[in-house]
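Survey of secondary and tertiary structure
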Amino acid sequence: MAPGPAGRTPVFTRRPTGGSAAEKAAAEKVVALTFDADMTADQGPRAEAGERFDNPELIALLRRLKVPSTVFMTGRWAEEYPAQAKGIGTDDLFEVANHSYSHYAFTADCYGLPVVAKNAMTRDVERAFSAFRQAGVRNVVPYFRFPGGCYDDAALRALGPADVTAVQWDVVSGDAFATDAGAVAEQVLDGVRPGSLVVMHCTRSAAPVTAEAISRIVPELRKRGYRLVKVSELMEG
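Here the structure is a predicted model, which is why all the values come from computation and not from measurement.

**Regarding the pairing of strand E8 (residues 196–201)**
- By the criterion of burial, E8 is predominantly enclosed, with 6 of the 6 residues buried.
- Both faces of E8 are covered, namely the face carrying Ser196, Val198 and Met200 and the face carrying Leu197, Val199 and His201.
- Examined bridge by bridge, strand E2 (residues 30–37) and E8 share 6 bridges and lie parallel to one another. Of the residues in E8, the one forming a bridge with Thr34 is Val199.

**Remarks on the side chain of Lys230**
- The topology assignment puts Lys230 in the loop between strand E9 (227–229) and helix H10 (231–236).
- The buried charged residue Lys230 lacks any salt bridge, with Glu95 as its nearest oppositely charged partner at 5.1 Å.
- Here Asp92 takes part through its backbone oxygen, which lies 2.6 Å from a polar atom of the side chain of Lys230.
- Leaving out residues up to four positions away in the same chain, Lys230 has contacts with Ala32, Pro68, Ser69, Thr70, Asp92, Leu93, Phe94 and Glu95.

**Considerations on the pairing of strand E3 (residues 69–73)**
- For E3, the buried fraction is high: 5 of the 5 residues fall into the buried class.
- In E3, alternate side chains face the same way, and those of Ser69, Val71 and Met73 on one face and Thr70 and Phe72 on the other are all buried.
- For E2 and E3, the ladder comprises 4 bridges, and the chain directions are parallel. In the strand pairing of E3, Asp36 is matched with Phe72.
- As paired strands, E3 and strand E4 (residues 94–98) are joined by 5 bridges and run parallel to one another. For Met73, the partnering residue across the bridge sits in E4 and is Asn98.

Cut-offs used in this document
Residue numbers restart at each chain and count upward from 1, following the sequence in its written direction. Where local features are concerned, this predicted model is filtered to residues with pLDDT of at least 70; where side-chain atom pairs are given and counted, the filter is 80 or more; whole-chain, interface and lining totals use all residues. Only hydrogens and water are set aside; all other atoms, that is, all heavy atoms of the structure, feed into the side-chain values. Burial status follows relative accessibility: with a 1.4 Å probe on protein chains alone, a residue under 20% of its type maximum counts as buried, one over 50% as exposed, and anything between as partly exposed. In this text, helices come from DSSP runs of H or I with a minimum length of four residues, and strands from runs of E with a minimum of two, each type numbered from the N-terminal end. When DSSP finds two or more bridges between a pair of strands, those strands are recorded as paired. His residues and chain termini do not enter the charge count, which takes Lys and Arg as positive and Asp and Glu as negative. Should a side-chain nitrogen of Lys or Arg be within 4 Å of a carboxyl oxygen of Asp or Glu, the pair is scored as a salt bridge. Here a polar contact is taken to be a pair of N or O atoms separated by no more than 3.5 Å, where protein atoms must pair a possible hydrogen donor with a possible acceptor and residues adjacent in sequence count only if both atoms sit in side chains. Residues count as neighbours in contact if any of their non-hydrogen atoms are within 4.5 Å of one another.

Honestly, it's all geometry; don't read function into it.
Here it is in structure tokens:
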């Protein structure tokens, strides 16, 4: 996407489906499933103690089901799991986007996350891209997801030099800290429309039922005639 007004980072939420009822009815039935691979910069001790911020079962399931997906990865996650990061980032089924290095917030009052200083925002994004290169991640796209989805005009201005497009979503899966896979699947299936972009997570400890939910979501979406695409293809529409 082209830079926004006054050099602000552009923001993409979903594929437009047209204005009239006829245009909306004729819209291509595509949906992008996206997965945040979250790990904050200060969670190293928790990982050392055995907490799992990865989800290889989910990635394996996406491969078995042949689901093109966009993984929004933090640089810290790539450092903690370099082999998995490389495996995801060299598989053409996936594309890897930037979820910051630190997973610190880019605004105040964002789900209790620590806050990145305004003058460090671009550097935090660039550090994540550097971590991807170090891990051998190849299929990197110039997209960025704000931690917590929190941003303001100042953050969009600060990230202008990073040459990324911010990617939000229109369907919240509710998989974070969920224990009922059926409820997660129902929430996604109820919310999806042609052109939708769904946010989910690739973190075992914080989203333990995502793989089970996906095993229900994907067959049902395909049964309804949806084609699953990466964010890059969704943006092309």
